[in-house]
Amino acid sequence: MSLVLTGCLSSTHVIPREELQRLVTVPPEQRGQHVRVIQGGPGAETPPEAPRVGVSAVVVVGGPVWSPPAYRPQTAKSSADEAKWWLVVAAIAAVALVFTEGLRYDGYVQLNPMHPIHLFGPNGEWTWVPLAQLDQGAVGWAQKAFIRPSEGPWTELERAPLDRVGFTYNLLLGTGEVTGAEGTRRAGFLSHIELGYFPHQMFGILLDIGLGWRTDSTFNDIFQSRWALEFQALPLVARPIHGGLWAEIGGATRLEDFNYPGVTVTYGRSSFLVGGGVMMQLELTARLALTGRAGIALLDEDKALEATVGVSIY
């Protein structure tokens, strides 16, 4: 029975707080002689492994005095600096997606009728047939089909229309108004990083992360972040131009620094967010569009106009 119970216990043992307080009163070279510990139960926290100490280890005293890690309060300036790094990461992701997804050819080509079509079957089997000899049996057997431009004449005719169905990534940069603590509303930098899904060509749902900042009349930093669920509808089409509306609901946080001699005081405020406006897209490929939009956001009693432009990859 004791073996069963032992197997359910943790190898970690806790030193009670009162024992720690007692131990610091004992001479360092004698502290290991009599120490109270309590074995942890199942699921107890397990600290990382430390170097094993031998029986002949030398007792070292007089080391550096322990002090708690320094606390660095979040300020508008530090938040804006951190947001800039996130925007760099978002921009790198956008560039990568533009060149891997947005610009890859998705459209129509002209081939020789004997161009090879590569077919992969259900058990990893592979074969190829000329395009002209492709029949219903081969189509029913194949799970995947591939074609190489290098294996015959290849002429690109036209790209397919913009296809939004599926996942999307947007990066928009521009300007937006921010109201300071003194009540002044002025425009500053505003960005939107968006991830979402279009279940239909004309309608999508996205998570919108808005990051923006500006300075007030005395050059104090003001930072604003937004988290919202956004809905986009683009029913108007006159290729290559597309048009529609956007609307969002969520929350926002504003941080504003007040610099005094030798100290910075940060004022924080959270608010409910609802916004919307118009948007237009310029179709570039079947998976890439330039997006521009303008609108207004209501943050409790504050109003903020905005206008941004960027890329949308589908």
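Quick caveat, the model's predicted, so the values are computed rather than measured. (Residues numbered from 1 in each chain as written. Predicted model: local features only at pLDDT ≥ 70, side-chain atom pairs only at ≥ 80, totals over all residues. Heavy atoms only, no water.)

**Q** Any chance you could explain the overall build of the protein chain here in plain terms?
**A** Check the secondary structure of the protein chain and you find 4 helices and 15 strands. Within the protein chain, the proportion of its 314 residues that are buried is 33%. For the protein chain, the share of sequence-separated contacts (at least 6 apart) that also reach a separation of at least 24 residues comes to 60%. Counting only carbon and sulfur atoms, one obtains 64% of the accessible surface of the protein chain, whose full area is about 19,700 Å². (Helix = DSSP H or I, 4+ residues; strand = E, 2+ residues; numbered from the N terminus. Buried < 20%, exposed > 50% of the residue type's maximum accessible area, 1.4 Å probe, protein only. Contact = heavy atoms within 4.5 Å. Areas by Shrake-Rupley, 256 points an atom, 1.4 Å probe, with all protein chains shown as cover.)

**Q** Honestly, the layout of surface pockets in this entry has me stumped. Any pointers?
**A** The method is simple in principle: a probe with the dimensions of a water molecule rolls over the atoms, and the space it marks as empty is what remains. When its volume is computed, the largest pocket comes out at roughly 330 Å³. Considering the residues around the largest pocket, the lining is formed by 19 residues, among which A83, W86, I209, L211 and W227 are closest to the centre. Within the residue set of the lining of the largest pocket, elements represented by two or more residues are α3 (76-102), β9 (185-200), β10 (203-215), β11 (221-238) and β12 (241-260). Top contributing element to the lining of the largest pocket by residue count: α3, with 6 residues. Grouping the constituent residues of the lining of the largest pocket by class yields 13 nonpolar, 4 polar and 2 charged. (1 Å grid on protein atoms, 1.4 Å probe; cavity = no way out; pocket = protein on both sides within 12 Å on 5 of 7 lines; lining within 4 Å. Points joined across faces, edges and corners; volume = space filled by probe spheres on them. Nonpolar A, V, L, I, M, F, W, Y, C, P; charged D, E, K, R; others polar.)

**Q** Looking at this structure, how should I read empty space enclosed by the protein?
**A** Considering all chains together, one arrives at 1 cavity of 30 Å³ or more under this definition. As for the largest cavity, its lining consists of E177, V178, T179, Q224, A252, T253, R254, R269, S271, L299, D302 and A304. For the lining of the largest cavity, the elements supplying multiple residues, two or more each, are β8 (166-179), β12, β13 (263-283) and β15 (302-313). A breakdown of the residues in the lining of the largest cavity according to their chemical character gives 4 nonpolar, 4 polar and 4 charged.

**Q** Sorry, what's going on with the sheet that holds β10 here?
**A** Picture the strands of a sheet paired through backbone hydrogen bonds; they go either parallel or antiparallel. One closed barrel holds the 8 strands; their spatial order is β8-β9-β10-β11-β12-β13-β14-β15, and the pairing between them is antiparallel. Within this sheet the neighbouring strands show an average axis-to-axis angle of 25 degrees, counted without direction. One ladder, built from 11 bridges, connects β13 with strand β14 (residues 288-299); its direction is antiparallel. The residue bridging Q281 from the neighbouring strand is T291, located in β14. Most of the contacts of α3 go to β8, to which it runs at about 145 degrees, and overall it touches β8, β9, β10, β11, β12, β13, β14 and β15. (Pairing = 2+ DSSP bridges. Axes fitted to C-alpha atoms, helices over the stretch in contact; angles between N-to-C directions.)

**Q** Looking at this structure, I do not really get unusual backbone geometry. What am I missing?
**A** The phi angle of most residues is negative, glycine excepted, and most peptide bonds adopt the trans form. Between R239 and P240 the backbone carries a cis peptide bond, its omega angle lying at 10 degrees. In this structure, P240 sits in the loop between β11 and β12. At D300, a residue that is not glycine, the phi angle is positive and equals roughly 55 degrees. Tracing the chain through its elements places D300 in the loop between β14 and β15.

**Q** Got a minute to help me understand the sheet that holds strand β6 (residues 144-146) in this structure?
**A** Across the sheet, which stays open at both edges, the 3 strands sit in the order β5-β4-β6 with antiparallel pairing between neighbours. For this open sheet the edge positions go to β5 (126-130) and β6, each flanked by a neighbour on one side alone. Between one strand and the next, the sheet's axes are offset by a mean angle of 25 degrees, whatever the strand orientation. Inspection of the sheet shows strand β4 (residues 116-120) paired to β5 by 5 bridges, in the antiparallel sense. Along β5, the bridge assignment pairs F120 with W126.

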